[in-house]
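# Fold and contact review
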Amino acid sequence: MSELTDAVEASGPATTETEGKKQHLGWALVLICIAQLMVVLDATIANIALPYIGKDLHMSGTNLTWIVTGYSLSFGGLLLLGGRLGDLYGRRKVFMVGLTVFAVASLLGGLAQSESLLLAARGLQGLGAALASPAALALITTTFPAGPARNRAFAVYAAMSGAGAAVGLILGGWLTGLDVHMFNPQDGWRLTFLINVPIGIIAALLAPRFLNESESHPGQLDVPGAVAGTAGLLSLVYGLTRAGNAAYGWSDGLTIASLVAAVVLLVLFFLVESRVEHPLLPFRIFMNRTRAASFVAMALLPAAMFSMFFFLSLFIQNVMGYSPLKAGFAFLPFSICIIISAGIVSSLANRIDPRYLAGVGTLMASVALYGFSRLTVPDSGADVLHAVSTGTTIGAGVNYWTQILPFVCLMALGMGAVFVPLTLTAVHHVRAEDSGVGSGVLNTMQQVGGALGLATLSTVGSHFTNAHISSIAPTIGQGLSSLNPQITQGLMSKLDVSTPQQLAGLLAYIGGFPTGATHAFLVGVFMMLAGSAVVWIFLDVKHEELATDAPEGVHVG
């Protein structure tokens, strides 16, 4: 943090709006990045707590998924609006409002005694995140001067964004295991929400001390565009999320209706935007080729990364038998390596063009995904029965240290090399009055891309999983019928199922999942390579230009 402040001070008095704020740039960055980490990790922190929430609040499995989906839906659907509100009413003000809403929603979620209140709180958390996240990114752009200081600031921001999912898994596992007895035994899941309350409130209260306010332009909100754009994005994220759920898929009627509605609403949105004087989304945001390429790449690349978290966390728990907390710690090296990578790349960005940094990073991540696709386990029906009857797992032969950890680290190093330069190029040269909406577009591309990527890879995974289940289910059914009834009862108790039919179905799923996961990883390789192609072909900005705040269209060097 002191290096950031020193770098800014060395660039002269004109680098910040006021002398007073200059001395607090390090703390400003800490404030912004803590808020961003809180927003990102909340997408995963509740995942491990879901079984406890379901038992405590008597929620069905289908409704439990809405704890995750509800947050993603409101967050992704409202990001564009949140970014524009920051431009119009002041980014610091919207940042503070977003953090306050997030903290209040977290309090409601932590104290919820009913399913409806908890789901409403998750939607409200998404709204707070959609207000705070684009404002946070825009505040970095407008607070830190172009060059080494901004590069380092974006490196820390990118590291927090990338590490947040892994931190959420670890923190969620730890907090869920605490026995707090607020209302009932095993109320530790409530802490996954309540932990946000003091952080959000303190960050909001400190914002006026360390962050400058931007110009406001009240009265210029494009209401028709806001309604059409927000409804379109909500429909799109909902449809993609539903398509990724194995219980519904792409052929589900509501999935199709949501996606069709999204297309209609987004077409209407673009028609409105082309006619209003102060559009919610100025088309000039996309006119810069480098920026457009950055947006497209940031839709493809994080999609593959977040899908890696989804499939690998299930593989580690269902196939290798890790506990939720142990699975969370299995991703700890990812957090460490992405922080290291982001720090190194922030320095290299002063000397190397972003095309080469991000391009090499995408290739490293592609190799990591290919490594995951090579994970193999003995997954025939007989192998599954032998494993469970002997108290082992079918993934017992997979060595975490040699077969998983190297690729987790390689993925993190590669994505650290991707996030920093692409975040820089995505928001560089955006007009000051468009910084919020530019940040909102970047975040929206990540959210929509993540939903699309997970839906696509889930479809691939489900197809191959179901095909393998069909091939091994008869063997497992016959094998269970020939087992000693006491052994069968013991397995039912251990795996928390109530009938032999449920036991057979669960064992078949455990045996089929590795095939589906490895095929999903392989498709993820091609998704990552597609993003890599966009980077290598279209990302042509020079590193010298990133070190300036020259007007758009003026090239340096």
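This is a predicted model, so every value here is computed, not measured. (Residues numbered from 1 in each chain as written. Predicted model: local features only at pLDDT ≥ 70, side-chain atom pairs only at ≥ 80, totals over all residues. Heavy atoms only, no water.)

## A closer look at the overall build of the chain
For the chain, the helix and strand inventory stands at 22 helices and zero strands. Rg of the C-alpha trace for the chain: 24 Å, near the compact-globule value of 24 Å for 557 residues, within the 12% margin. Counting all 557 residues of the chain, 57% fall into the buried class. A separation threshold of at least 6 residues defines the contact pool for the chain, and within that pool the share at least 24 residues apart is 82%. Summed over its atoms, the accessible surface of the chain is roughly 21700 Å², and 66% of this surface lies on carbon and sulfur atoms. (Helix = DSSP H or I, 4+ residues; strand = E, 2+ residues; numbered from the N terminus. Rg over C-alpha atoms; globule rule 2.2 N^0.38 Å. Buried < 20%, exposed > 50% of the residue type's maximum accessible area, 1.4 Å probe, protein only. Contact = heavy atoms within 4.5 Å. Areas by Shrake-Rupley, 256 points an atom, 1.4 Å probe, with all protein chains shown as cover.)

## A look at the side chain of Asp-252
Position of Asp-252 among the secondary structure elements: in the loop between helix 11 (223-243) and helix 12 (253-273). Here the side chain of Asp-252 touches Arg-242 through a polar contact of 2.6 Å, side chain to side chain. Of the polar contacts made by the side chain of Asp-252, one reaches the backbone nitrogen of Thr-255; its length is 3.0 Å. (Polar contact = N/O pair within 3.5 Å; in protein donor to acceptor, adjacent residues only side chain to side chain.)

## A word on the confidence of the model for the chain
Looking at the chain as a whole, its pLDDT mean stands at 86, while 92% of the residues score no less than 70. Taking the mean pLDDT of every element in the chain, the minimum, 41, falls on helix 1 (residues 2-10) and the maximum, 97, on helix 16 (residues 354-373). In the predicted structure, residues 1-23 sits below a pLDDT of 50 and forms 39 contacts with residues beyond four places in sequence or in another chain. In the model, residues 553-557 has pLDDT below 50 throughout and makes six contacts with residues more than four positions away in sequence or in other chains. (pLDDT = per-residue confidence, 0-100.)

## Section: the nonpolar core
With 148 residues, the main nonpolar core has Phe-95, Met-308, Leu-312, Phe-334, Ile-404, Met-411 and Met-415 as its most contacted residues. Per element, the largest residue contribution to this core is 16 residues, and it comes from helix 18 (residues 400-427). Counting twelve residues, the second largest nonpolar core, distinct from the first, contains Ala-46, Ile-53, Leu-57 and Leu-118. (Core = buried A, V, L, I, M, F, W, Y, C linked by side-chain atoms within 4.5 Å.)

## Observations regarding the packing of helix 11 against helix 12
Direction vectors running N to C along helix 11 and helix 12 enclose 155 degrees, while the axes themselves pass 7 Å from each other. Here helix 11 is positioned roughly antiparallel relative to helix 12, judged by the angle of their axes. Considering how the two elements wind past one another, helix 11 and helix 12 form a crossing that is left-handed. Of the residues assigned to the contact of helix 11 with helix 12, the class counts are 17 nonpolar, seven polar and two charged. (Axes fitted to C-alpha atoms, helices over the stretch in contact; angles between N-to-C directions. Parallel < 35°, antiparallel > 145°, perpendicular 65-115°, else oblique. Left-handed = near helix turned anticlockwise from the far one by under 90°. Nonpolar A, V, L, I, M, F, W, Y, C, P; charged D, E, K, R; others polar.)

## Topic: the environment of Gln-446
Among the secondary structure elements, Gln-446 is positioned in helix 19 (residues 435-482). Accessibility expressed as a relative area gives 17% for Gln-446, which makes it buried. Residues Gln-446 and Tyr-157, 289 residues apart in the sequence, show an inter-C-alpha distance of 15 Å. Residues within four places of Gln-446 in sequence aside, it is in contact with Met-298 and Pro-302.

## Considering helix 15 (residues 332-348)
In this model helix 15 runs 25 Å from its N-terminal to its C-terminal C-alpha over 17 residues, within 8% of the 24 Å that 1.5 Å per residue would give. Of the positions making up helix 15, those classed as buried are Pro-333, Phe-334, Ser-335, Cys-337, Ile-338, Ser-341, Ala-342, Val-345 and Ser-346. For helix 15, the elements touching its buried residues are helix 8 (148-176), helix 13 (289-319), helix 14 (324-330), helix 16 and helix 18. (Expected span 1.5 Å × (residues − 1).)

## A closer look at the pattern of salt bridges
Taken as a whole and assessed by the stated rule, the structure comprises nine salt bridges. Between Arg-84 and Asp-87 there is a salt bridge; the shortest N-O distance is 3.1 Å. With Arg-84 and Asp-87 both in helix 5 (residues 61-89), this residue pair falls three residues apart, about one helical turn. Residue classification places Arg-84 among the buried residues on the basis of a relative accessible area of 7%. A salt bridge links Arg-242 to Asp-252, with the shortest nitrogen-to-oxygen separation between them at 2.6 Å. In this pair, Arg-242 is assigned in helix 11 and Asp-252 in the loop between helix 11 and helix 12, connecting sequence segments ten residues apart. (Salt bridge = Lys/Arg side-chain N within 4 Å of Asp/Glu carboxyl O.)

## Description of the side chain of Ser-235
Tracing the chain through its elements places Ser-235 in helix 11. Owing to a relative accessible area of 17%, Ser-235 belongs among the buried residues under this scheme. Apart from the residues lying within four places of it in its own chain, the contact partners of Ser-235 are Ser-258, Ala-261, Ala-262 and Leu-265.

## A closer look at the packing of aromatic side chains
Under the counting rule described, the total for this entry stands at 18 aromatic pairs. Relative to Trp-536, the ring of Tyr-356 lies with its centre 6.0 Å away and its plane at 65 degrees, an arrangement referred to as edge-to-face. Of this pair, Tyr-356 sits in helix 16 while Trp-536 sits in helix 21 (residues 500-538); the two residues are 180 residues apart in sequence, bridging distant segments of the chain. Exposure remark for Trp-536: the relative accessible area of 32% places this residue in the partly exposed category. Measuring from ring centre to ring centre gives 5.2 Å for Tyr-400 and Trp-401, while their planes differ by 80 degrees; the resulting arrangement is edge-to-face. Exposure remark for Tyr-400: the relative accessible area of 9% places this residue in the buried category. Ring pairs connect the aromatic residues Phe-310, Phe-311, Phe-372, Phe-407 and Phe-521, which therefore count as one cluster. One Lys or Arg, Arg-242, reaches over the ring of Tyr-248 and ends 3.6 Å from the middle of that ring. The residue whose ring lies beneath Lys-326 is Tyr-322, and the NZ or CZ to ring-centre distance is 4.2 Å. (Phe/Tyr/Trp six-rings, centres within 6.5 Å; stacked < 30°, edge-to-face > 60°. Lys NZ or Arg CZ within 6 Å of the ring centre and 35° of its normal.)

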